[in-house]
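Listed below are the residues making up each chain.
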Amino acid sequence: MAKQHKFYAVVVPGLERIAAHELQSLSAHDINIEYGGVAFSGTLELLYRVNLRARTITRVLIRLRTFRSMTLDGLGYDLKKVAWHLFFDENTALDIEVHSHRSRLNHSDDIAAFAKTYIQKLLPKLGTGNQQQPQTLHIRLDNNRGVLSLDTSGERLDRRGYRLNAAKAPLRETIAAAMVQWSGWSPEQTLLVPMCGSGTLAIEAALMGQNIAPNINHDFACLHYPSYKDKPFQKVLAKCAAMQKDAKLNIFASDNHEGALQACLDNAKRAHIEANIHVEKKDVHDLIKPEAEQGGVLMLNPPYGQRIGEQAKVLSLWVDLGNMIRAQFSDDETWKTIIICPDAEHEKALKLNIKKRLKLKHGGLDVMLLEI
Ligand SMILES: C[S@@+](CC[C@H](N)C(=O)[O-])C[C@H]1O[C@@H](n2cnc3c(N)ncnc32)[C@H](O)[C@@H]1O
């Protein structure tokens, strides 16, 4: 049987359950939800599958060792037990991130410097080569219990690469994908995104509808470990390619801002799904619910008006949105509306019955997803 490893998926706080569900569908074992992350276990093949295919996960760490230590010497004992040569060599540029909470060992900079010197002693050639491939070791201490883990993803997985062109307040790709999953939208249904900005919601839905692995072009950190073997990764990659569909999707993205529409079109092209999204300039006040045999989802990320002077205008837009949803969508059982709402004041402006809520972090703010 292939070797089992322990992993940890870092997620945006609030998305833990959605990510756990996604991990389950990718055949992860021992799934355990924590705040801001999900622990799971499985083979290296699973690690590749999750990095390539998960839509709602920010990065995946591999757990190397757990320990209990109150002194640097004690930490040294545990550092010595890890087979670092499997992960680092002369071409590694090692970065160490330390998070310590309620623990005797609590000076993050000292812990990082100690660990780096220690690993360098164990691997004298570390970082002496010409190539500098970044690798990040995480040392996490809570209540004197520690975990050593290594980031396998490299650049954050929400940076899919298609969004060079962001309009105002873009949504993280992982949050957009989680919104689509939370809504229960299925590819046979219509999806309306009438304030689409740079198109993240529509593009993530299209990638999902075509079953395209969102991170297929990502340069994962784990592909640069000295112990990396290409064959198992290529096998997973080939499976991802074979799973792509050529489905006809009814995704309609619109915005009243020319620049946002251009960004949406450019991003959709870079994601190679432009043929699956209808993009059009339209004010949300002119939105008319289309015929949709299988029903649909209306998805909204409206402006919040955080700047002084903007609030009154933006709140009146939220009142209009509430009226529009009430007039066309909320009584139609074949439709669902999902909206990102920053606070109680905006929710009140909508004057709608909320069926379901999900609190999450977006751009450093606590926001609420509302289902109507
Ligand atoms: C918060 S941004 C959406 C960000 C988007 N989800 C993204 O990831 O890029 C809100 C969008 O609403 C658009 N908008 C504002 N008022 C509108 C209106 N009356 N009709 C249509 N779009 C409008 C803005 O142009 C902006 O692109």
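1. Things to note about the sheet that holds strand S5 (residues 92-101)
Now for step 1: Reading across the sheet, the seven strands line up as S2-S3-S1-S4-S7-S6-S5 and stay open at both edges, with mixed pairing between neighbours. Each having just a single partner strand, strand S2 (29-34) and S5 make up the two edges of the open sheet. Strand-to-strand twist across the sheet, computed as the mean angle between neighbouring axes with direction ignored, equals 25°.
Now for step 2: The sheet contact formed by strand S1 (residues 5-10) and strand S4 (residues 59-68) spans four bridges and is antiparallel. Within S4, the residue paired with Tyr8 across the bridge is Leu61.
Now for step 3: Relative to S2, helix H1 (residues 16-25) is tilted by about 170°, and along the sheet it contacts S1, S2 and strand S3 (37-42).
Now for step 4: Along the sheet, helix H4 (residues 108-122) contacts S5 and strand S6 (133-142); its crossing angle with S5, the most-contacted strand, is approximately 140°.

2. Some thoughts on the pairing of S3
Now for step 1: Within S3, six of the six residues are buried, leaving the element largely enclosed by the surrounding structure.
Now for step 2: By the alternation rule, side chains of S3 split into Gly37, Ala39 and Ser41 and Val38, Phe40 and Gly42, which are all buried.
Now for step 3: For S1 and S3, the ladder comprises six bridges, and the chain directions are antiparallel. Each bridged residue has a counterpart across the sheet, and for His5 the counterpart in S3 is Gly42.
Now for step 4: Pairing of S2 with S3, which is carried by four bridges, proceeds in the antiparallel orientation. When the bridges of S3 are listed, His29 appears paired with Ser41.
Now for step 5: The turn linking S2 back onto S3 is made up of two residues, and Gly36 within it adopts a positive phi angle of 80°.

3. Some thoughts on the domain arrangement of the protein chain
Now for step 1: We note that the domain assignment places domain 1 (5-151) and domain 2 (173-210 + 246-371) within the protein chain.
Now for step 2: Distance between the C-alpha centres of domain 1 and domain 2: 36 Å.
Now for step 3: Between domain 1 and domain 2, the contact holds 11 residues from the first and 13 residues from the second.
Now for step 4: The junction of domain 1 with domain 2 conceals about 940 Å² of combined surface from both sides, 66% of it contributed by carbon and sulfur atoms.
Now for step 5: Considering only the surface of domain 1 that becomes buried against domain 2, Leu15, Ile18 and Arg55 emerge as the three largest contributors, covering 55% of it.
Now for step 6: Linking domain 1 with domain 2 are zero salt bridges.
Now for step 7: The interface formed by domain 1 and domain 2 contains two residue pairs in polar contact (both at pLDDT 80 or more).
Now for step 8: Class assignment of the residues belonging to the side of domain 1 that touches domain 2 gives a composition of six nonpolar, three polar and two charged.

4. Section: the packing of aromatic side chains
Each aromatic ring pair is described using two quantities: the centre-to-centre distance and the angle formed by the ring planes.
Now for step 1: Counted under the stated rule, the structure contains nine aromatic pairs.
Now for step 2: Centre to centre, the rings of Phe220 and Phe233 are 6.2 Å apart; their planes meet at 70°, and the pair counts as edge-to-face. Residue Phe220 is located in the loop between helix H6 (200-209) and helix H7 (230-243), and its partner Phe233 is located in helix H7; the two are separated by 13 residues in the primary sequence. Across the pair, Phe233 and Phe220 agree in class, each one buried.
Now for step 3: Three or more aromatic residues joined by ring pairs form one cluster here, namely Tyr48, Phe220, Tyr228 and Phe233.
Now for step 4: Above the face of the Trp182 ring, Lys356 is positioned so that its terminal group lies 4.8 Å from the ring centre.

5. Points about the nonpolar core
Now for step 1: The biggest cluster of nonpolar side chains holds 65 residues, and the ones touching the most others in it are Ile251, Ile273 and Ile277.
Now for step 2: Both of domain 1 (5-151) and domain 2 (173-210 + 246-371) provide at least three residues apiece to this core.
Now for step 3: Filtering out sequence-adjacent residues up to four positions away, Ile251 remains in contact with Trp185, Leu191, Ala202, Ala205, Ala206, Asn276, Ile277 and His278.

6. What about the environment of Leu72?
Now for step 1: Assignment of secondary structure puts Leu72 in helix H3 (residues 72-80).
Now for step 2: Between the alpha carbons of Leu72 and Leu105 there is a distance of 7.4 Å; along the sequence they are 33 residues apart.
Now for step 3: Contact partners of Leu72, with chain neighbours within four places excluded, come to Leu105, Ile111 and Phe114.

7. Examining the site of the ligand
Now for step 1: Lining the immediate surroundings of the ligand are 20 residues, of which Leu171, Ser198, Thr200, Asp255 and Val284 lie closest.
Now for step 2: One nitrogen or oxygen atom from the main chain of Asn256 is found 3.3 Å from a nitrogen atom belonging to the ligand.
Now for step 3: The separation between a nitrogen atom of the ligand and a polar side-chain atom of Asn301 is 3.0 Å.
Now for step 4: About the coverage of the ligand: the protein hides 90% of its 600 Å² of free accessible area.
Now for step 5: Looking at the shell around the ligand residue by residue, the class counts come to 10 nonpolar, six polar and four charged.

Thresholds applied
- Residues numbered from 1 in each chain as written.
- Predicted model: local features only at pLDDT ≥ 70, side-chain atom pairs only at ≥ 80, totals over all residues.
- Heavy atoms only, no water.
- Pairing = 2+ DSSP bridges.
- Helix = DSSP H or I, 4+ residues; strand = E, 2+ residues; numbered from the N terminus.
- Axes fitted to C-alpha atoms, helices over the stretch in contact; angles between N-to-C directions.
- Contact = heavy atoms within 4.5 Å.
- Buried < 20%, exposed > 50% of the residue type's maximum accessible area, 1.4 Å probe, protein only.
- Domains from an automatic or database assignment.
- Buried area = accessible area lost by both parts, 1.4 Å probe.
- Salt bridge = Lys/Arg side-chain N within 4 Å of Asp/Glu carboxyl O.
- Polar contact = N/O pair within 3.5 Å; in protein donor to acceptor, adjacent residues only side chain to side chain.
- Nonpolar A, V, L, I, M, F, W, Y, C, P; charged D, E, K, R; others polar.
- Phe/Tyr/Trp six-rings, centres within 6.5 Å; stacked < 30°, edge-to-face > 60°.
- Lys NZ or Arg CZ within 6 Å of the ring centre and 35° of its normal.
- Core = buried A, V, L, I, M, F, W, Y, C linked by side-chain atoms within 4.5 Å.
- Near = heavy atom within 4 Å.
- Areas by Shrake-Rupley, 256 points an atom, 1.4 Å probe, with all protein chains shown as cover.

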